[in-house]
Amino acid sequence: MLVFKFGGASVKDADSIKNVASILSKYEDQKKLVVVSAMGKTTNALEDVVNLYIAKDQKYQDYLHEIREYHQYVCDELFGANHGVQHKVFALFDAIENFCASNISDNYTFIYDQIISVGELASSKLISEYLKHIGKDNQWLDAREMIRTDHAYTDAKILWEETEKLCLARMSNVSQMTSITQGFIGSTSERFTTTLGREGSDFSAAIFSFCLNAEKMVIWKDVEGVMNADPKQFSDAVLIKQIAFKEAIEMTYYGAKVIHPKTIRPLQNKNIPLEVRSFIASDKGGTLIHSFDEEMSYPPIIVVKEDQVLLRFSAKDFSFIAENHMEEIFGAFADLRLRMNIMQNGAISFSAAVDNKKEKIQEIVKLLEKDFSITQTESLNLLTIRHYNDNILQRELANREVWLTQKTRETIQLLCKV
Ligand code: ADP
Ligand code: ASP
Ligand code: MG
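Summarised in this report is the structure supplied together with it. (Residues numbered from 1 in each chain as written. Chains lettered and ligands numbered in written order. Predicted model: local features only at pLDDT ≥ 70, side-chain atom pairs only at ≥ 80, totals over all residues. Heavy atoms only, no water.)

## Observations regarding the overall build of the protein chain
Consideration 1: Counting its regular elements, the protein chain contains 13 helices and 16 strands.
Consideration 2: A compact globule built from 418 residues should have a C-alpha radius of gyration of about 22 Å, and the protein chain, at 23 Å, falls within 12% of that.
Consideration 3: Principal-axis analysis of the C-alpha atoms gives the protein chain an extent of 70 × 55 × 40 Å.
Consideration 4: Across the 418 residues in the protein chain, those meeting the buried criterion constitute 53%.
Consideration 5: The long-range fraction of contacts in the protein chain, counting pairs at least 24 apart against all pairs at least 6 apart in sequence, stands at 72%. (Helix = DSSP H or I, 4+ residues; strand = E, 2+ residues; numbered from the N terminus. Rg over C-alpha atoms; globule rule 2.2 N^0.38 Å. Buried < 20%, exposed > 50% of the residue type's maximum accessible area, 1.4 Å probe, protein only. Contact = heavy atoms within 4.5 Å.)

If you want it as structure tokens, here you go:
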């Protein structure tokens, strides 16, 4: 069994979907589960729908209609106008409209998950129907019947044992060589839809790979493979052909956006190789992530986390920062699930940089302002360089105003003013 994952950019329009079909045709004789994201930027557009709906702004209906029209346009291109497939895709949008009209919950995260999931449901349905249309038999599978989660809407945790049983049972009834399913979504034991966090489709593919004991997982991206930096930010970025699981975990932990950070560990646990390949140049080798016996050597690897806010806490009673203060600060961050991307302790203050999530930062301030004076510094980037050397440090430090530095033998982190 192979597990493939196609992200939003690879299924953004009719031509892209035809390209996916042509990649799949090269693996005709192999059993495969194909995990797809929502088309293009659909998830962002659906987030706007959710926000309007929550604000009780009826414009949400127009926004939802636009997303529906985008899908209709792609359907028309793939199947011709008024083809029966449109009704199947529209039925999914009707279900969301009905949910919006009849919903009585005011729980933001619950509502978010029920609405946002239509992106993946629609794209997977459309792709499955297109494959049938060109004579490629396949089975559409509802990921919510296979991935069981807790109730942490928008950031649901996987219930691994149940998920494994459900995946194996569902797949044992599939006779087709190709199955199409959704990334990013799962469901609770009561069958309410949950999501696994933005960009979570890579992780979904890893969950399926783990549960189904895949021989290999391949994620098809708009880049050659994993490079030593984001090629959109660094024009001299180079492809890394082989990466050990351990290194991939570090890279993604520090924020390399090419792979979702939760993807690697399930694969490493069962020693399932992961290939990152280009859906544009699909014949090229890309990057192989696996457990390698030999010691690997890597070029300096640069990861940039943009839009950081540095929070600085000093005790209002003028005392030194001690363990009891740390307990209070860490407790608040843990409760709000706000991650500290870099932290530093001094005599009278503790500082941590976080992603610029305004609501969460406000909550942190509310929780801690009784005991601490808190300052915020915005417009910072966190640069992490693994396997750094003098040359790269000289290059990256030139013309940068560094606010905070942390260094181990392998990794240096620099919090810089933008
Ligand atoms: P998907 O469509 O699968 O969700 P993403 O957009 O999440 O794909 O990931 C691909 C993008 O990741 C690339 O377009 C590239 O700009 C970015 N990227 C960030 N860091 C790296 C890296 N080290 N190597 C390759 N691409 C990277
Ligand atoms: N569609 C979801 C998102 O945009 C999940 C994914 O693409 O990985 O976050
Ligand atoms: Mg992504």
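So much for the structure itself; the text now carries on.
## Observations regarding the site of ligand 2
Consideration 1: Ser37, Ala38, Thr43, Glu120, Phe184, Arg198, Glu199, Gly200 and Ser201 make up every residue found near ligand 2.
Consideration 2: Glutamate 199 is positioned such that a nitrogen or oxygen atom in its backbone is 2.7 Å from an oxygen atom of ligand 2.
Consideration 3: Protein chains bury 92% of the 260 Å² of accessible surface belonging to ligand 2 in isolation.
Consideration 4: Tallied by class, the residues present in the shell around ligand 2 amount to 2 nonpolar, 4 polar and 3 charged. (Near = heavy atom within 4 Å. Polar contact = N/O pair within 3.5 Å; in protein donor to acceptor, adjacent residues only side chain to side chain. Areas by Shrake-Rupley, 256 points an atom, 1.4 Å probe, with all protein chains shown as cover. Nonpolar A, V, L, I, M, F, W, Y, C, P; charged D, E, K, R; others polar.)

## A short note on the packing of helix H4 (residues 85-102) against helix H6 (residues 118-133)
A packed helix pair is summarised by two numbers, namely the angle formed by the two axes and the spacing between the axes.
Consideration 1: Relative orientation of the contacting elements H4 and H6 amounts to 170°, with a least axis distance of 10 Å. Between H4 and H6, the angle is such that the two are roughly antiparallel. Facing H4, whose interface residues are Val85, Lys88, Val89, Leu92, Phe93 and Ile96, H6 presents Val118, Leu121, Ala122, Lys125, Leu126 and Glu129.
Consideration 2: Residue composition of the contact of H4 with H6, by class: 9 nonpolar, no polar and 3 charged. (Axes fitted to C-alpha atoms, helices over the stretch in contact; angles between N-to-C directions. Parallel < 35°, antiparallel > 145°, perpendicular 65-115°, else oblique.)

## Some details on the nonpolar core
Consideration 1: Judged by nonpolar contacts, the single largest core of 99 residues is most densely connected at Phe4, Phe6, Ile115, Leu126, Phe208, Leu274 and Ile289.
Consideration 2: No other element matches H4, which puts 8 residues into this core.
Consideration 3: Not counting chain neighbours up to four residues away, the residues in contact with isoleucine 115 comprise Leu46, Val49, Val50, Tyr53, Ile96, Phe99 and Cys100.
Consideration 4: With 18 residues, the next largest nonpolar core counts Val309, Phe313, Met340 and Ile364 among its residues. (Core = buried A, V, L, I, M, F, W, Y, C linked by side-chain atoms within 4.5 Å.)

## Topic: the sheet that holds strand S16 (residues 411-417)
Consideration 1: The sheet built from 6 strands is open, its strands ordered S12-S13-S11-S14-S16-S15 with antiparallel pairing. A strand with exactly one partner marks an edge of an open sheet, and here the two such strands are strand S12 (342-345) and strand S15 (402-407). Pairs of neighbouring strands in the sheet enclose a mean axial angle of 25°, with direction left out of account.
Consideration 2: Note: strand S11 (residues 301-315) against strand S13 (residues 350-355), 6 bridges, orientation antiparallel. Note on S13: the bridge partner recorded for leucine 310 is alanine 353.
Consideration 3: Against the sheet, helix H12 (residues 358-368) engages S11, S13 and strand S14 (372-386), with an angle of about 135° to S14. (Pairing = 2+ DSSP bridges.)

## Here's the deal with the site of ligand 1
Consideration 1: The local shell around ligand 1 holds 17 residues, among which Lys5, Lys221, Asp222, Asp230 and Lys232 are the closest.
Consideration 2: Between lysine 232 and ligand 1, the recorded distance is 2.7 Å, taken from a side-chain N or O atom to an oxygen atom.
Consideration 3: For ligand 1, the protein covers 87% of the area, taking 580 Å² as the surface of the free molecule.
Consideration 4: Residues belonging to the shell around ligand 1 are distributed by class as follows: 7 nonpolar, 3 polar and 7 charged.

## Details of H12
Consideration 1: Every buried residue of H12 is accounted for by Ile361, Ile364, Val365 and Leu368. Seen along its axis, H12 keeps its buried residues to an arc of 95°; they face one direction. Summarising the geometry of H12, the exposed residues directed more than 90 degrees from the buried face are Glu359, Gln362 and Lys366.
Consideration 2: The elements touched by buried residues of H12 are S11, helix H11 (323-336), S13 and S14. (Arc of directions from axis to C-beta.)

## Notes on the packing of aromatic side chains
Consideration 1: Within this structure, the stated rule accounts for 17 aromatic pairs.
Consideration 2: Summarising the aromatic geometry, the rings of phenylalanine 110 and tyrosine 153 are spaced 5.3 Å apart at their centres and angled 80° between planes, so their arrangement reads as edge-to-face. With phenylalanine 110 in helix H5 (residues 108-116) and tyrosine 153 in the loop between strand S3 (139-140) and helix H7 (160-172), this residue pair connects regions lying 43 residues apart in the sequence. The burial state of phenylalanine 110 is the same as that of tyrosine 153; both residues are buried.
Consideration 3: Summarising the aromatic geometry, the rings of phenylalanine 313 and phenylalanine 333 are spaced 6.1 Å apart at their centres and angled 75° between planes, so their arrangement reads as edge-to-face. Within this pair, whereas phenylalanine 313 is found in strand S11, its partner phenylalanine 333 is found in helix H11, the two being separated by 20 residues in sequence.
Consideration 4: We classify phenylalanine 333 as buried; its relative accessible area is 3%.
Consideration 5: Taken together, Phe4, Phe6, Tyr27 and Trp220 form an aromatic cluster joined through their ring pairs. (Phe/Tyr/Trp six-rings, centres within 6.5 Å; stacked < 30°, edge-to-face > 60°.)

## Some remarks on the pairing of S15
Consideration 1: With 5 bridges connecting them, S15 and S16 associate as antiparallel partners. Paired with glutamine 406 across the strands is glutamine 413, a residue of S16.
Consideration 2: The turn joining S15 and S16, which pair antiparallel and follow one another in sequence, is formed by 3 residues.

## Brief notes about the pattern of salt bridges
Consideration 1: Throughout the structure, instances matching the rule amount to 27 salt bridges.
Consideration 2: With a shortest N-O distance of 2.8 Å, lysine 5 and aspartate 202 are connected by a salt bridge. Placement of lysine 5 in strand S1 (residues 2-6) and of aspartate 202 in helix H8 (residues 201-211) is noted, with a sequence separation of 197 residues between them. Per residue, the accessibility class of lysine 5 equals that of aspartate 202, and both read buried.
Consideration 3: Where arginine 337 meets aspartate 155, a salt bridge forms, and the shortest distance between an N and an O atom there is 2.6 Å. Of this pair, arginine 337 sits in the loop between H11 and S12 while aspartate 155 sits in the loop between S3 and H7, and the two are 182 residues apart along the sequence.
Consideration 4: Relative accessible area serves as the criterion here: at 24%, aspartate 155 is assigned to the partly exposed category.
Consideration 5: Beyond isolated ion pairs, a larger network of salt bridges with shared partners links Asp155, Lys157, Lys262 and Arg337. (Salt bridge = Lys/Arg side-chain N within 4 Å of Asp/Glu carboxyl O.)

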